[in-house]
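Topology and contacts: notes
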Amino acid sequence: MPSVMGLLEEREATARQRAESLRGEMDRLVAELRDAEAAQERPLIAEETVSQLLS
């Protein structure tokens, strides 16, 4: 039968791996969000520039 301490250490290691995995996923999503926001801003900037050139 496994020891209580061994089970706790196993749970801690599993939780640590899950947290690291989620941090990596979060970093990836933040970068993807930045790219999407930049893509969203480009047409607005172009529209402002064209508007200024035409006025």
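You'll find the structure just up there.
In what follows, the accompanying structure is described. (Residues numbered from 1 in each chain as written. Predicted model: local features only at pLDDT ≥ 70, side-chain atom pairs only at ≥ 80, totals over all residues. Heavy atoms only, no water.)

**A look at the overall build of the protein chain**
- Along its length, the protein chain carries one helix and zero strands.
- In terms of overall dimensions, the protein chain is more spread out than a globule: its C-alpha atoms have a radius of gyration of 24 Å, far above the 10 Å expected for 55 residues.
- In terms of its C-alpha atoms, the protein chain occupies a principal-axis envelope of roughly 80 × 10 × 5 Å.
- The burial tally for the protein chain puts 0% of its 55 residues in the buried class.
- Surface summary for the protein chain: the accessible area is close to 5300 Å², and the carbon and sulfur share equals 59%. (Helix = DSSP H or I, 4+ residues; strand = E, 2+ residues; numbered from the N terminus. Rg over C-alpha atoms; globule rule 2.2 N^0.38 Å. Buried < 20%, exposed > 50% of the residue type's maximum accessible area, 1.4 Å probe, protein only. Areas by Shrake-Rupley, 256 points an atom, 1.4 Å probe, with all protein chains shown as cover.)

**Digging into the environment of threonine 49**
- Relative to the helices and strands, threonine 49 resides in helix H1 (residues 4–54).
- A polar contact of 2.9 Å, which involves the side chain of threonine 49, links it to the backbone oxygen of isoleucine 45. (Polar contact = N/O pair within 3.5 Å; in protein donor to acceptor, adjacent residues only side chain to side chain.)

**Points about the pattern of salt bridges**
- Summed over all chains, the structure comprises three salt bridges.
- Its salt-bridge partner being arginine 28, residue glutamate 25 comes within 2.7 Å of it at the nearest N-O pair. Of the two residues, glutamate 25 and arginine 28 are both situated in helix H1; the distance of three residues between them amounts to about one turn of the helix.
- Relative accessible area serves as the criterion here: at 41%, arginine 28 is assigned to the partly exposed category.
- Salt bridges sharing common partners tie together Glu25, Arg28 and Glu32. (Salt bridge = Lys/Arg side-chain N within 4 Å of Asp/Glu carboxyl O.)

**Points about the environment of serine 3**
- Structurally, serine 3 can be placed in the segment before H1.
- Separated by 2.9 Å, the side chain of serine 3 and the backbone nitrogen of glycine 6 make a polar contact.

**Description of a nonpolar patch on the surface**
- A surface patch of nonpolar side chains, amounting to about 320 Å² of accessible area, comprises Val4, Met5 and Leu8.
- Mapped onto the elements of the fold, leucine 8 is located in helix H1.
- In this structure leucine 8 comes out as partly exposed when scored by relative accessible area, which is 47%. (Patch = residues over 30% accessible without salt bridge, like charges linked within 9 Å, V, L, I, M, F, W, Y side chains within 5 Å.)

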